[in-house]
Amino acid sequence: MQTNEPPFRFRQGTRPLLISMPHVGTYVPPDLAARFTDAARHVPDTDWHLERLYDFADELGASVLVGTHSRYVIDLNRPPDNASLYPGQSVTSLCPTDMFDNTPIYAKPGDEPDEAEIDARRKAIWEPYHQQLAAELARIRTVHGVAGLWDAHSICSVVPRFFDGKLTDLNLGTGKGSSCAERLGERLLVEAKAATGFTSVLNGRFTGGYITRHYGQPARNVHAVQLEMTWSCYMEEHPPFEYAPEIAKHIAPHLRRMLEATLDFVEGR
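About the thresholds
Residues numbered from 1 in each chain as written. Predicted model: local features only at pLDDT ≥ 70, side-chain atom pairs only at ≥ 80, totals over all residues. Heavy atoms only, no water. Pairing = 2+ DSSP bridges. Helix = DSSP H or I, 4+ residues; strand = E, 2+ residues; numbered from the N terminus. Axes fitted to C-alpha atoms, helices over the stretch in contact; angles between N-to-C directions. Phe/Tyr/Trp six-rings, centres within 6.5 Å; stacked < 30°, edge-to-face > 60°. Buried < 20%, exposed > 50% of the residue type's maximum accessible area, 1.4 Å probe, protein only. Contact = heavy atoms within 4.5 Å. 1 Å grid on protein atoms, 1.4 Å probe; cavity = no way out; pocket = protein on both sides within 12 Å on 5 of 7 lines; lining within 4 Å. Points joined across faces, edges and corners; volume = space filled by probe spheres on them. Nonpolar A, V, L, I, M, F, W, Y, C, P; charged D, E, K, R; others polar. Parallel < 35°, antiparallel > 145°, perpendicular 65-115°, else oblique. Left-handed = near helix turned anticlockwise from the far one by under 90°.

K.L.:
I tried to follow the sheet that holds strand β2 (residues 17-21) on my own but got confused; where do I start?
P.N.:
Either a parallel or an antiparallel arrangement is found when strands of a sheet pair, and the pairing is made through backbone hydrogen bonds. Pairing is mixed in the open sheet, where 7 strands are placed in the order β1-β3-β2-β4-β7-β5-β6. Edge positions in the open sheet fall to β1 (8-11) and β6 (200-202), since each of these has one partner strand only. Strand after strand, the sheet turns through a mean of 15 degrees between neighbouring axes, direction not considered. Looking at chain direction, β1 and strand β3 (residues 63-67) are connected through 4 bridges and run antiparallel. Its bridge partner being in β3, R9 is matched across the sheet by V66.

K.L.:
Sorry, what's going on with the packing of aromatic side chains here?
P.N.:
Think of a pair of aromatic rings as described by two things: how far the centres are apart, and how the planes are tilted against each other in angle. Enumeration over the complete set of coordinates arrives at 9 aromatic pairs. Arranged with centres 5.3 Å apart and planes meeting at 90 degrees, the rings of F36 and Y106 form a pair that is edge-to-face. Linking F36 in the loop between α1 (30-33) and α2 (38-41) with Y106 in the loop between β3 and α5 (115-144), this pair joins segments that are 70 residues apart in sequence. Of the residues examined, F36 reaches a relative accessible area of 1% and is grouped as buried. Ring centres 6.4 Å apart and planes at 75 degrees place the aromatic pair F163 and F206 in the edge-to-face group. With F163 in the loop between β4 (147-155) and β5 (170-173) and F206 in the loop between β6 and α7 (210-215), this pair connects stretches of sequence that are 43 residues apart. Considered together, F163 and F206 belong to a single accessibility category, that of buried residues. Clustering of aromatic rings is evident, with ring pairs tying together F36, Y72 and Y106.

K.L.:
How should the pairing of β4 be read in this particular structure?
P.N.:
If a strand is regular, its side chains alternate between the two faces of the sheet. Of all 9 residues making up β4, 9 are buried, and the element is well covered by its neighbours. Where burial is concerned, the two faces of β4 agree: the one with A147, L149, D151, H153 and I155 and the one with G148, W150, A152 and S154 are both buried. Inspection of the sheet shows β2 paired to β4 by 4 bridges, in the parallel sense. Bridge assignment links L18 to a residue of β4, and that residue is L149. In the sheet, β4 pairs with strand β7 (residues 222-230) via 9 bridges, with the strands oriented parallel.

K.L.:
Would you take a moment to explain the environment of L172 for this structure?
P.N.:
Checked against the element boundaries, L172 lands in strand β5. Between the alpha carbons of L172 and A152 there is a distance of 10.0 Å; along the sequence they are 20 residues apart. If near-sequence neighbours (up to four positions away) are discounted, L172 is found in contact with W150, L188, L189, A192, V201, L202, N203, F206, V225, Q226, L227 and M258.

K.L.:
What is the right way to read unusual backbone geometry from this model?
P.N.:
Trans peptide bonds make up most of the peptide bonds, and negative phi angles are found at most residues other than glycine. Of note, the amide linkage connecting P239 to P240 takes the cis form, showing an omega dihedral of 10 degrees. Positionally, P240 belongs in the loop between β7 and α8 (245-266). Residues other than glycine seldom take positive phi values, yet K176 does so here, at roughly 55 degrees. Its place among the elements puts K176 in the loop between β5 and α6 (182-193). If you check the backbone angles, F241 has positive phi at about 55 degrees while not being a glycine.

K.L.:
Which parts of the structure should I look at to understand the layout of surface pockets?
P.N.:
The rolling of a water-molecule-sized probe over the atoms marks out the regions of remaining empty space. As a volume, the largest pocket reaches approximately 300 Å³. Taken together, 14 residues make up the lining of the largest pocket; nearest its centre are P44, D45, D101, C156 and F241. Partitioning the lining of the largest pocket into residue classes produces 10 nonpolar, 1 polar and 3 charged.

K.L.:
Got a minute to help me understand the packing of α6 against α8 in this structure?
P.N.:
The relative placement of two packed helices comes down to the angle between their axes together with the axis-to-axis distance. The N-to-C vectors of α6 and α8 enclose an angle of 155 degrees; their axes lie 9 Å apart at closest approach. The orientation of α6 with respect to α8, classified from their angle, is roughly antiparallel. Where α6 crosses over α8, the two elements pack in a sense that is right-handed. Residues R183, L184, R187, L188, E191 and A192 of α6 lie in contact with α8, whose contacting residues are R257, M258, A261, T262, D264 and F265. Across the contact of α6 with α8, the residue classes break down as 6 nonpolar, 1 polar and 5 charged.

None of this, on its own, says anything about what the molecule does.
In structure tokens form, the structure reads like this:
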């Protein structure tokens, strides 16, 4: 696949924590965008503004890895073989063909990617992102003896395709306890519940995607957590999806405390 955009942005930190943001990207190569519907070209199912919301990451000394391409090009949080993360439930694929509202991404039937195109996207974008992610976790574990991985996500608070009613605001996922030490998950839930005015749950509708489940290996001192946060916590939920500082200022301190708690745990404090 031809793309002029690097597959990720990366900043190396000084402490044993990597923040991954696989769904922040909005870039779609022009030749691919030409096959999209008008609605899909606006990539509405993006994890908007997370870099701004997590603007304290550098102060914490965390490494930060950010995907650049839209999840409509390829979903960095799906298994490379496209296996379902939630068997029996509605899910989007490695190279999605529909948006969260079930409308098509591609304007014309037959424009969807075939296996050769999916493989090309996987090699150009998915593999470099995961190679960087794996390399940084290995580096952190070599330097510090332990690594924390925080997979940062956000989503519209009402998506009937995936859940009924309004989603819980702060959805912590630890692969149902498999991706990090149980004590860390419990500690993070306490921090989330301290966020007055926001709802929270551990391993509810979202239990962690491919990144959390694949890289979280507590027996090898790699502790991974996913946070799926509703847009309503920090931004406007309708186009043009603007950041809302007056709303975000209420959740940002709690978000920072959850990251600090993760660092405290992996550093043994």
